[in-house]
Each structure stands twice: as C-alpha cells, then as structure tokens.
Amino acid sequence: MTAPAPSGGRAGLRVGPLAGLLPFALYTAVFLFVPTIAIAIGAFVDPATGGFTLGNLGIAFSGIYAQGFLTSIELSILSAVVPGVLGLVIAYAVQRSGSSGLRRVVSTASGTFANFGGVPLAFLFIATLGSTGLVVGWLKAIGLDPYEHGFSLYTFSGIAIVYLYFQIPLMVLVITPALEGLRPAWREAADNLGASAWQYWRMVGGPVLLPSFLGSLLLLFGGAFSAYATTQALTSGSLAITPIQIGSFLNGNVLSGQENVGKALGLGMIIVISVVMVIYALLQRRASTWLR
Amino acid sequence: MRKSLLGTVLAATAALALAACGSGTSSPSASGGKDFSKVTSAADAGGQDALVAAAKAEGQLNVITLPDKWANYGTIMKAFTAKYGIKINSANPDGSSQDEINAVKQLKGQDRAPDVLDLGQSFAISGAKDGLLAPYKVATWDAIPANAKDADGKWFSDYGGYVSIGYDPAKITTPPTSFKDLLGAEYKNKVAINGNPTQAGAAFAAVYAAALANGGSLDNIQPGLDFFKQLKQAGNFVPVTGSPSTVQSGQTPVLIWWDYLQASSVASQFPSWKVVIPSDATYAAYYSQAINATAPHPAAARLWEEYLYSVEGQNGWLNGAARPIQLDTLVKDGTVDKTALAKLPQAPAGDVKYPTDAQQTAAKAVVSQQWAAATG
Amino acid sequence: MVAVTTPVEIAAARPRRRTPGGWGRRIVLLLAGAYFLVPIYAAGAFAVSGPDGVDALTGIGGKAGFVEAFSLSLSLTLVTTVITLLLMVPTAIWVHLRLPRVMRLFESITILPIVIPPIVLIVGVLDAAPGTLKATPYLLALEYAVLAMPFAYRSLDAGLRAIPLTTLVEASRSLGAGWVATITRVLLPNLRSALLSATVLTVALVLGEYTMASLDQYQTFPVWVVVYQQDDAHVSVAVSVLSLVATWALLMLISLIDTRRLSRARNS
C-alpha cells in the first residue's frame, strides 16, 4: 500500500483512494439520490398534463409558503443553537462526573429521547405544559398562571421548548465522543502553566471542539427543520412551517391533486439546507485552520 | 479488502432483493375464467352467488384508513368476515385520503395494494379522472341520490354527518347552541377543532360551517377564517389537534367535529359528553366509496361494496352514529335500525346544500393561504 | 501506547477544582433530569388515572398485534444497524484517512437525509422503487440506513477527530498488520464511544420511525402504537410512555455489551 498522501501537497485527487468510496456512493445513489431526484422531477411536473411547469414552484415560494420557509428557518436556528449549547453543558457535566453508570444512563437515554417525537411527545407536553397540565397546575397553585401572562404551548416559543426534548439529547449524544477527545493531560498542562478555566476553554478546549460543535449544530438544524408530527399535533397548522405544509399536500384529506406542489416545497427544503451547508463549510474551514 | 467489503454489501443487497422476489407480486386474479376487475355489477358477475363464490375463492380483502371506531367500521368488518369468511387486512387506519391515492398508485400490482377506498369526495373525483378507480354499480344503486354518485359508478357516497359542537357539561355550564356562543368569555382556552384545515377534512368542514354561521356562503369561506381569528383573539381557541385523548385530558372541553365521530369516538369513552349541531350553521359532508381499478382481490372488493350497501351494511354505519346515504330509503322501507336512528343527534330542518367541487377547491385555496395568518 | 499515569494521579488527588465544579455540575444534571423526567411523570400520572388504572400499563404485551409488530421492528433494527455500520465505518475511516479534501462534500451528502422530511423521501422511494423491493418490509431497513447516516457519520466523525488516526494507522501498518486487522484491532477499540453512540442512535431511530413505515403500510412497532392508541386516551399515553421505557431498556442492554469503557482510550 502506498504511503498516505501529504496534506495539501497534491494538485488533484487520485482515483485510487476515491474507489474506497464506491460502496457508499452506490448505496446513496440508489437509496438517497434516486428518490430525491424523483422528488425534484416531480416538482416540475404539471399533475394535470404531465408536462413541464414552473407553476408548482411559483406556488411553493410565495405567500404563506414563503412565510413558512422563514418561520421554519427561524425555528430551526433557535432549536439548533440553544439545545446545542445546553447539550454541550450537560454532556460536559456528565463526562466530568466520572461515573460510568451515569454515562451509560445518559447515553442510552439520549439515544431514546433523540428519536422520540410526534404525537406521543406532543401529548407528554400537553400533559405537562398545556393549560390543564401538571406543571401549569403547580404554577397556578403559587399564583403564577403562565397562560394569564401570554404563554401558550401552542405557539412558536412553546414549540421551541418542546423541540428541546429531542434536540438536547441528540446534541449530548453527538458531542460526547468529541468531548472525550479533550485529553485531561491538556487541562493539567494548562493548569500547570497558570491558565484559568476560562483561558483553557478559550484557547485550548474551545478551538478543539469547535469543528465538531459546528457539525453538531448543522445536524440539529437539519433535524429541527424537518420535524413535522410533533408540531402538527400541537398547532394544527396555526404555525406555518414548511414540513406541515408539505404534509397538507402529500398526506392530507383536503387538498387533492396538488402533490407536486408538496414536492416543490421539498425541493425548497433541499435548497435551504444546501445553502446552510455552504455557510457551514466556510465556518468549518476557519475553525479547523489551526488544527493543521 | 475494499473489494471484499464491496462484495459483501452487494451480495447482501442482492440476497435481500431475491428474498423479496419470493413474496407476492400479483396481477388481478381471474377466478374461474372471469376477470373480476372488469365486472361492473353483480348481474355482470353472473349473479350475487357467483360474486360470493369468487370472493371466497380470493379469501382476502385489503382495506385502508378505516379506524375501528370510525363510523363503526370495526364491527362492520367483523360482521363481513363472519358472514363470508373473508379475511380483512386493515392497513394504515390513521391515514388520509391522499394516503389512499398514493397507496393505489405506488403499490400497483402488489398483493398489499388496497382493494377498496373510503375517501373525501374531491379525492374520489380526481382519482376517477386519473383512471385509478373501477366502475361498479351496487345492487341498490338506485337508492343512492343522483348527486351523490359518479355517473359511471366510479365512486359513490357512503355515509356522512354534520359539523357539530361537542362539549363537557361539567366544564361548560351554559350549553352552546351556535357558533356565536363559542365567542363568550366562558370558553377561554377551551375550543378546538380536529386538526389542520389544510389537511384534515373535519377541520376544513369546521371552517366552512363557521363561514355559514358568520354571514358567509358556500362561495365565500372568508367569514369562517374571520370567526376563528376572533376566537383566537378572544383567547378561546386551542390550536391543538382535538381528539378523544385531548378531551379526556381536559385540554379541549369543547370540540368541533363530525357528529358521528363525537358520538362514536368521544362519547364512548367520555359518557357525559354532549353533542349539538349548531343552529347557525348547517354543514354536512359525505365520504365516498370506490374500488381500486387494479385491486389484487377484485371480487372481494365488489362483494364488500355490495355488503356495505345492503341493509346490514347501511345499518352498520347507522350504529356508528353516521348517516348512511340510503337512510331515507331505509326509513321508508321500515328496514332501518330504529334504536340507532333514535340516537342520532337532532338534525336541523330543511335541506342541506353541499358545495360543488369547484366551490370546495376555491375555498381550500383561501384556507391554505390564510389559516396560519388568522390563527397564528 | 504508554499510559502517562503519574501526573494524572497527582492531579486527581488535588481537591481544589472539585468542589465548585461539582456543585455546578450537580445543578445542571438536576435541571436536565427534571426537564426530561417531569413530562414522563405527568404522562404516566394521566395514564393511570383512567378507568383501567395501572392495568393500562401492564396489559400491553398481551394486546393483539404487539408481538408481530415488535418482532418486525426488532428485525428491521438489526438489519439497519448492520447495514449502517458496515457502510459508514469503513467509509468514514477512509475519508478521514485518504480524502480530507472530500470531507466537506461528504458531510454535506450525509446531512441530506436528515433534511429531506421522511414523508417526502418515502413518496420518492415508493415512486422510484421496483415492485420486488416494495413487496418486502426490508425496503424500510435499506431506507432507515439512509436516515441513520447523518447521525452515524456525525458520531464517527467526532470519534475519528478525537484519535490520532494517521499515526495509529501508520504505526499499525508498519508493524505488518493488514487493513482488516488495523481496523478491527487498532481503530475500532479506540472508537468504542463513537460506535456505541452511532448504534444507539440507529436502534432508537428504527424503533421510533413512524411516517415511512405507515406510508409503506407495514405495521412496525411505532405504527402499531398509533393504531392501538385509538382505543383510549389513557391507554394510548400509557403505550407511549412504555414504548419510551422499552426502547431505553433495550439500549441499556446493548450498552452493557460494551464492558471495557472509554477511560483507556483517553490516556495518551
């Protein structure tokens, strides 16, 4: 086997190493790209005639649907950054506790909760924070009814609180391997050199974690962006977000014959995430420079 | 090493694909020489007995999106199986009309494709246009009103009900009788509908009914949206998807839903639940039956339709507090189940007007654009 | 690898940083625990407040269709996890090792499944898949591997960045090990945490995925839960809480298989 190629020294990529990606490429081509292309093509098809049309896209990017994209993006950014930070803090706390039992419980719980959503999750929160919920009841008992002060579970902010339930565990799960890469020896060395905790984080821990942290944020953004069933159950469409609008076209009982607008909306989502990924790539490049 | 890994993955995929080949893909069966997918009536099949025999030979029926508690489908399906010995496979009970159309298109040629459909009328109309539905006229075809069926028999109304207001008398001291009542202070944080009006038929109907109550018409659904906006501003509207679960948890003491579902799904678990059809808005809608043109069990599918449109089937729906389409005929003939009839919520006097497909499409477009703005 | 233990031991003996950090840590964990456990308690309280009482929770196993649905989900879980790991582990290692320039592009591709809503993906799949594949529930497993890809890759990526990959591989290869030995005996043990994390996410994903299974018309466990829920609110909430606990228990079981913990990998 040849020696590994020196980084940054080659002009182009050699074919040999690329062949190692073949199984992955084949798999994603068949099971991811083919369906995606089917959707992209569908977005341009006129359901009545079967011919090419831009009409679906026209509908998908105007009016309430354009609003839907904006609200979705807002919600997703919020539901990426806040859980991202909270998840990091929690993951760090767990790791520092040193207890392997706690770590096991947290990692399995995180895996479970990260995939818990939809109607069951909606119901969990209705039982807790709905107008007759348990926690609301406790607060009412001490005279602080949140619903009197403008809070409602069924609004943007309420939904954001519910999203934490699967976003934080996802963050914990995904950032933990990166945290484990922070060698205690580095912390010791920093201590010995007289650095405070803050300086350690700013100059050693932070930069090392940053690439993984950004990657996790991207994942959280994507997850929040496509979350559907939970919000549907809690807001019945009164909060305009794109996945619910797609659901109305592809999975509903009211709008018939317009599935291709749903596919156009799906195409829109792919475009949005592609833009986000470009931004992410630029940020990653800056974050990783010192690691080289 | 790379090659062996690639080989393993390809071999595994191939093995799975081969295993998949083993399970059934089928084309509509021809039993005893007759292609039942082309049969357009019992007479065409060679008589009811011939149809029964062919259906029994097929042995199975695939249905879709039929929850047990919806219009008493659970009992109807059991009775059908008991009578003919045909096993019913019920898929995706929580699904929507669009799911049914998708299943017909995507599972075409497979054993698992749905044989019969129960869909919203606009979906039936567009499905017929797309050539997905088989023409079939049941024996009691003439008892179905002319405006409730496709001329060729590609779809026909089955059962329906009125938009109604259900409420918990323990939480609401003055019973509501109309939509206007719901704007009162007593209803703070209490009123819900069954889902998203751009997705759920019952929720869309609630908005349409509110329009009729608020000075609108079948051509003008805007007042309905205005009503819900008012409801939201008064703090009375709970955006959560109302269901028997939210009623039981106390989250939605007032629920606007189809009267038959209030009776069969909510009242069955919440005995004190009361249902009233609002005095200011009479809005009813019927669902439609249809047979998949490429049904894997065409004879069983047709027998199912014959069963549903027999006295037994129609009374079955009646027992689910739904109004079967042939109710008037049953009453006239005296074959109606009188106890079930008595339990129906009091229907408003006068004729009900149904929106045409064109009116509905226009109304849906308005709702899609404005619902989030009105209630968000 | 020589473990440098002495400075660490001395540091561990120093009490200075323990106490203040300790309290902050405890508060964080307490608040997190509260946020996650209170809703479960609220739902559980509601579930047993119904006419069935505690029966709502205990009678589930005997209900119609439970065994078939759960077994289908378990077999899908197994197949999906195997496919995902077989596909992603060598690929992730390869990209990190030989194709660092492609890494950005690669990340972008692996993110795609998470952003295409499952409902859109399954419509695309059912449109494009051949009949033979559609006739088997394992089409779902193949697609679930795609859905698991972002999570698996993210975990593996974080794990791979945390180890001195090139050094380990070079050292192993120069000592005469072939690729398989290098991966299985050198890299995988160092990637334990990442592998566990990826497995946990994949298993939980399959056990919780509803949309695609229901549109493909297979009654997996989550689909069964929703179907079963129609009967009664208390029972339906009970089933949701129970399915959460059952998934958690299964994952604990899987994690117990991994007995040698991460502390060894951290020493450098």
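**Let's talk about helix α3 (residues 48-58) of chain B**
All names here are of chain B.
Okay, so step 1: Of all the positions in α3, only Leu51, Val52, Ala54, Ala55 and Glu58 are classed as buried. Each buried residue of α3 sits inside an arc of 165° when the element is viewed along its axis, so together they form one side.
Okay, so step 2: Directly beyond the C-terminal end of α3, a positive phi value near 80° is found at glycine 59.

**Re the interface of chain B and chain A**
Okay, so step 1: Contacts between chain B and chain A engage 40 residues on the former and 34 residues on the latter.
Okay, so step 2: Listing elements by their share of the side of chain B that touches chain A, those giving two or more residues are α1 (2-22), α5 (97-106), α6 (121-129), α7 (201-213), α9 (244-248) and α15 (357-375) of chain B.
Okay, so step 3: In terms of residue count, α15(B) provides more of the side of chain B that touches chain A than any other element does, seven residues in total.
Okay, so step 4: Here the residues of the side of chain B that touches chain A sort into 15 nonpolar, 22 polar and three charged.

**Quick notes on the interface of chain A and chain C**
Okay, so step 1: Between chain A and chain C, the residue contacts involve 80 residues of the former and 80 residues of the latter.
Okay, so step 2: Residue contributions to the side of chain A that touches chain C peak at eleven residues, all from helix α2 (residues 22-43) of chain A.
Okay, so step 3: Broken down by class, the residue content of the side of chain A that touches chain C amounts to 49 nonpolar, 26 polar and five charged.

**Some words on the domain arrangement of chain B**
Residue and element names in this part refer to chain B.
Okay, so step 1: What the domain assignment lists for chain B is domain 1 (29-159 + 286-343) and domain 2 (162-282 + 349-375).
Okay, so step 2: Of note, the centres of domain 1 and domain 2, computed from C-alpha atoms alone, are 29 Å apart.
Okay, so step 3: Counting residues at the interface gives ten residues for domain 1 and ten residues for domain 2.

**Observations concerning the pairing of strand β7 (residues 156-167) of chain B**
Residue and element names in this part refer to chain B.
Okay, so step 1: Across the twelve residues that make up β7, a large majority, twelve, are buried.
Okay, so step 2: Relative to strand β11 (residues 284-292), β7 runs antiparallel, the two being bridged by five bridges. Residue phenylalanine 156 lies in a different strand from β11, and its bridge partner there is glutamine 289.
Okay, so step 3: With two bridges connecting them, β7 and strand β12 (residues 323-324) associate as antiparallel partners. Within β12, the residue paired with glycine 160 across the bridge is arginine 323.
Okay, so step 4: Taken together, the three bridges between β7 and strand β10 (residues 274-276) define a ladder with antiparallel strand orientation. Counterpart to tyrosine 167 in the pairing with β10 is lysine 274.

**Thoughts on the pairing of β11(B)**
Looking down a regular strand, the side chains alternate between one sheet face and the other.
Residues and elements named next belong to chain B.
Okay, so step 1: Of all nine residues in β11, eight are buried; the element is thus mostly enclosed.
Okay, so step 2: Strand direction decides the pairing type here: strand β5 (residues 116-119) and β11, joined by four bridges, are antiparallel. Within β11, the residue paired with aspartate 118 across the bridge is glutamine 289.
Okay, so step 3: Note that strand β6 (residues 133-134) and β11 share two bridges and pair antiparallel. Pairing of leucine 133 across the sheet is with asparagine 292, part of β11.

**Observations regarding unusual backbone geometry**
Residues and elements named next belong to chain B.
Okay, so step 1: Backbone geometry at threonine 65 places phi at a positive 50°, although glycine is not the residue there.
Okay, so step 2: Along the chain, the position of threonine 65 falls in the loop between β3 (60-64) and α4 (73-84).
Okay, so step 3: For threonine 65, a count of 23 C-beta atoms within 10 Å translates into the label buried.
Okay, so step 4: The phi dihedral of asparagine 92 falls on the positive side, at around 50°, and the residue is not glycine.
Okay, so step 5: Here asparagine 92 lies in the loop between β4 (87-91) and α5.
Okay, so step 6: For asparagine 92, a count of 25 C-beta atoms within 10 Å puts it in the buried group.

**Points about the confidence of the model for chain B**
Okay, so step 1: Of all residues in chain B, 91% attain a pLDDT of 70 or more, and the chain-wide mean is 85.
Okay, so step 2: Long-range and interchain partners of residues 1-31 of chain B, a stretch whose pLDDT sits below 50, account for 47 contacts in this model, where long-range means more than four residues apart.

**What about the nonpolar core?**
Okay, so step 1: Within the largest apolar cluster, 273 residues are counted, with the highest numbers of intra-cluster contacts made by Ile175(A), Ala206(B), Val207(B), Tyr208(B), Ala209(B), Ala210(B) and Leu201(C).
Okay, so step 2: A total of 17 residues in this core trace back to one element, the largest contributor, which is helix α8 (residues 138-161) of chain C.
Okay, so step 3: Ignoring anything within four residues of it in the chain, the contact list for Ala206(B) reads Val163(B), Ile193(B) and Ile256(B).

**Re the confidence of the model for chain A**
All names here are of chain A.
Okay, so step 1: For chain A, per-residue confidence averages 83 on the pLDDT scale, and 93% of positions sit at 70 or higher.
Okay, so step 2: Mean pLDDT across the secondary structure elements of chain A bottoms out at helix α1 (residues 15-19), with 73, and peaks at helix α4 (residues 63-97), with 92.
Okay, so step 3: Under a pLDDT of 50 for its full length, residues 1-11 has, in the predicted model, six contacts with residues more than four places off or in other chains.

**Overview of the packing of α2(A) against helix α6 (residues 118-128) of chain C**
Okay, so step 1: Look at α2(A) against α6(C): their axes get within 8 Å of each other, and the N-to-C directions meet at 95°. Of the possible angle classes, the one that applies to α2(A) and α6(C) is roughly perpendicular. Of the residues in α6(C), those in contact with Val34(A), Pro35(A), Thr36(A), Ala38(A) and Ile39(A) of α2(A) are Val120(C), Leu121(C), Gly124(C), Val125(C), Asp127(C) and Ala128(C).
Okay, so step 2: Class assignment of the residues belonging to the contact of α2(A) with α6(C) gives a composition of eight nonpolar, two polar and one charged.

What counts and how
Residues numbered from 1 in each chain as written. Chains lettered and ligands numbered in written order. Predicted model: local features only at pLDDT ≥ 70, side-chain atom pairs only at ≥ 80, totals over all residues. Buried ≥ 20, exposed ≤ 12 C-beta atoms within 10 Å, placed from the backbone. Helix = DSSP H or I, 4+ residues; strand = E, 2+ residues; numbered from the N terminus. Arc of directions from axis to C-beta. Contact = placed C-beta atoms within 7 Å. Nonpolar A, V, L, I, M, F, W, Y, C, P; charged D, E, K, R; others polar. Domains from an automatic or database assignment. Pairing = 2+ DSSP bridges. pLDDT = per-residue confidence, 0-100. Core = buried A, V, L, I, M, F, W, Y, C linked by C-beta atoms within 7 Å. Axes fitted to C-alpha atoms, helices over the stretch in contact; angles between N-to-C directions. Parallel < 35°, antiparallel > 145°, perpendicular 65-115°, else oblique.

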